[in-house]
Every structure is written in structure tokens, then in C-alpha cells.
Amino acid sequence: MIRGVRVFAAIVLTAVVAVSACAKKKPVPPPAPPPVAPAEQPRTQPTPPPPPPAPPREAAPAPLTEDEIFGRKTVDDLNREKPMTDAFFALDSYQVGDDQKAALQKDADWLKRWSSVKVMVEGHADSRGTAEYNLALGERRAAAVREYMVNLGIAAGRITVVSKGKEAPFCSEENDSCWQQNRRGHFVITAK
């Protein structure tokens, strides 16, 4: 029986060793890493807050029409702008020259566009000749411009004429260049 107890003890001992050898061991946690000093951050200014949103825009007003712009102008404004060009004449002549017809056509087109406008044509002469002669020549020049404009379709009632003779020169020097500038039919807007 001793022998039986020994065999039994050997079997139990072998089973205990086998069971203890197969048991899972709890892993040992690795040691904690040493604390790392934080990297030094460059010093920066704090980010500014975003700008406030733009106020809502009102719709831009529609641009003024050509008629509205014209309607706001005074007669003085128009005369300062000089929308009509003068007609120039040869020495001692009141005939509208071919070189002046294109400018007068543009003037007529402008008057047709603005059909309520009335003008006065001033007839001018250079400083040579007597005052009486130049007044008569200025009158004929103004009348020639009016007649040409009427032939282009402008109502005669919209155009008055006056002679300034040599009394209101554009240029006061005594030379051909200056005299040529003074021999003219000059437009003055009188009503709109």
C-alpha cells in the first residue's frame, strides 16, 4: 500500500506541476517611460478674431439715363459744356463752307436729339473793317447758319440770330490766326 500511496502522490505531484506550468502568468507592465519635457513652443501673438461681417449692401441705384442727366442740367451748364460747335467763315464771306458742313450736321443731330432746346446764333466778324460793315456781316453769317440748320430739319422757330460784329471777339490778337477764330457763327443755348 505504500507503494500505492507513492504512486498516487507522484501522480498528484505531476498533475500539480503540469497545471501550474500551464497556467497563464499575468504580464508585468513595462516600466513607465520617463516624463518628456515639452518642446519649447515659439512665442506667437494670439490669432486675432476674424473681422465682423460686412453690412449688407443695398442694391446700387440704377445709373441715370441720358434724358435724366440732360434734365438735371441748366442752360448755363449746357453752355459751359459747349455741346455745339461754331461754324467758321472765310474773310468777308457769309457762305457756309464745305469744311463746316460736317460740324453743322453734328449740331443739327444734337438739336434733333434734344428737341426742346432753343439756340441763338451769334454772328461774329474779325476786327478789320468798320463797325457797321462788321455788324451787317455778322448778321448775314448768323442768318446763313440758321438757314443751313433749317435745311437740315431744325425748325426755324428754335433758332434766333443776333450780330455781334467785331464787338465780342474770341481772340484779341491782331494776326490771321486770331482773325480766323473770330469769323464765326457761335451757338448759345437759350432754353431747354
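Just so you know, these numbers come straight off a predicted model, no measurement behind them. (Residues numbered from 1 in each chain as written. Predicted model: local features only at pLDDT ≥ 70, side-chain atom pairs only at ≥ 80, totals over all residues. Heavy atoms only, no water.)

## Observations regarding the side chain of R184
Here comes step 1: Locating R184 in the fold gives a position in strand β4 (residues 184-191).
Here comes step 2: Taking the relative accessible area as the measure of exposure, R184 reaches 6% and is therefore buried.
Here comes step 3: For R184, the side chain forms a polar contact with the side chain of D86, separated by 3.4 Å.
Here comes step 4: Sequence-distant contacts of R184, that is, excluding residues within four places in its chain, are made with D86, A87, F88, F89, E122, G123, H124, R141, A168 and F170. (Helix = DSSP H or I, 4+ residues; strand = E, 2+ residues; numbered from the N terminus. Buried < 20%, exposed > 50% of the residue type's maximum accessible area, 1.4 Å probe, protein only. Polar contact = N/O pair within 3.5 Å; in protein donor to acceptor, adjacent residues only side chain to side chain. Contact = heavy atoms within 4.5 Å.)

## Re helix α5 (residues 131-151)
Here comes step 1: With 21 residues, α5 should cover 30 Å at 1.5 Å per step; its first-to-last C-alpha distance of 30 Å lies within 8% of that length.
Here comes step 2: Elements in contact with the buried residues of α5: β1 (87-88), α4 (98-113), β2 (118-124), β3 (159-165) and β4.
Here comes step 3: Downstream of α5 by one or two residues, G153 has phi in the positive range, about 105°. (Expected span 1.5 Å × (residues − 1).)

## Some words on the environment of T130
Here comes step 1: Mapped onto the elements, T130 comes out in the loop between β2 and α5.
Here comes step 2: Residue classification places T130 among the partly exposed residues on the basis of a relative accessible area of 46%.
Here comes step 3: In sequence terms T130 and G165 are 35 residues apart; their C-alpha atoms lie 9.3 Å from each other.
Here comes step 4: In terms of polar contacts, T130 uses its side chain to reach the backbone amide nitrogen of Y133, at 3.1 Å.

## With respect to the packing of α4 against α5
Here comes step 1: Taken N-terminus to C-terminus, the directions of α4 and α5 make an angle of 60°; their axes are 10 Å apart at the nearest point. Here α4 and α5 pass one another in a crossing that is right-handed. Across the interface between the two elements, K101, L104, D107, A108 and L111 of α4 pack against V145, Y148 and M149 of α5.
Here comes step 2: A breakdown of the residues in the contact of α4 with α5 according to their chemical character gives six nonpolar, no polar and two charged. (Axes fitted to C-alpha atoms, helices over the stretch in contact; angles between N-to-C directions. Left-handed = near helix turned anticlockwise from the far one by under 90°. Nonpolar A, V, L, I, M, F, W, Y, C, P; charged D, E, K, R; others polar.)

## What about the packing of aromatic side chains?
Here comes step 1: Under the criterion given, the structure shown has two aromatic pairs.
Here comes step 2: Between F70 and W110 the ring centres are 6.3 Å apart and the planes differ by 70°, which places this aromatic pair in the edge-to-face class. Of the two residues, F70 is situated in helix α2 (residues 66-72) and W110 in helix α4; the sequence distance between them amounts to 40 residues.
Here comes step 3: The class of F70 is buried, set by a relative accessible area of 9%.
Here comes step 4: On the basis of relative accessibility, which here comes to 16%, the residue W110 falls in the buried class.
Here comes step 5: Here the aromatic residues F70, W110 and W114 are joined through ring pairs into a cluster of three or more.
Here comes step 6: In this arrangement the basic side chain of R113 is found over the ring face of W114, its NZ or CZ atom lying 3.9 Å from the centre.
Here comes step 7: A cation over an aromatic ring shows up here: K192 above the ring of F70, its NZ or CZ 4.9 Å from the ring centre. (Phe/Tyr/Trp six-rings, centres within 6.5 Å; stacked < 30°, edge-to-face > 60°. Lys NZ or Arg CZ within 6 Å of the ring centre and 35° of its normal.)

## Observations concerning the nonpolar core
Here comes step 1: Core analysis: the largest hydrophobic core is formed by 24 residues, its most contacted members being W110 and M149.
Here comes step 2: Sorting the residues of this core by element identifies α4, β2, α5 and β4 as the ones contributing at least two each.
Here comes step 3: No other element matches α5, which puts five residues into this core.
Here comes step 4: Excluding its chain neighbours within four sequence positions, the residues that come into contact with M149 are M84, L104, D107, A108, L111, I154, I159 and F187. (Core = buried A, V, L, I, M, F, W, Y, C linked by side-chain atoms within 4.5 Å.)

## Focus: unusual backbone geometry
Trans peptide bonds make up the majority, and among non-glycine residues the majority have a negative phi.
Here comes step 1: Positive phi, normally seen in glycine, also occurs at K82, with a value near 50°.
Here comes step 2: Note on placement: K82 falls in the loop between α3 (75-81) and β1.
Here comes step 3: On the accessibility criterion, K82 (54% relative accessible area) is exposed.
Here comes step 4: A positive phi angle, close to 55°, is found at D92, a residue other than glycine.
Here comes step 5: By relative accessible area, which is 47% here, D92 ends up partly exposed.

Read these as layout, nothing more, since geometry by itself doesn't imply function.
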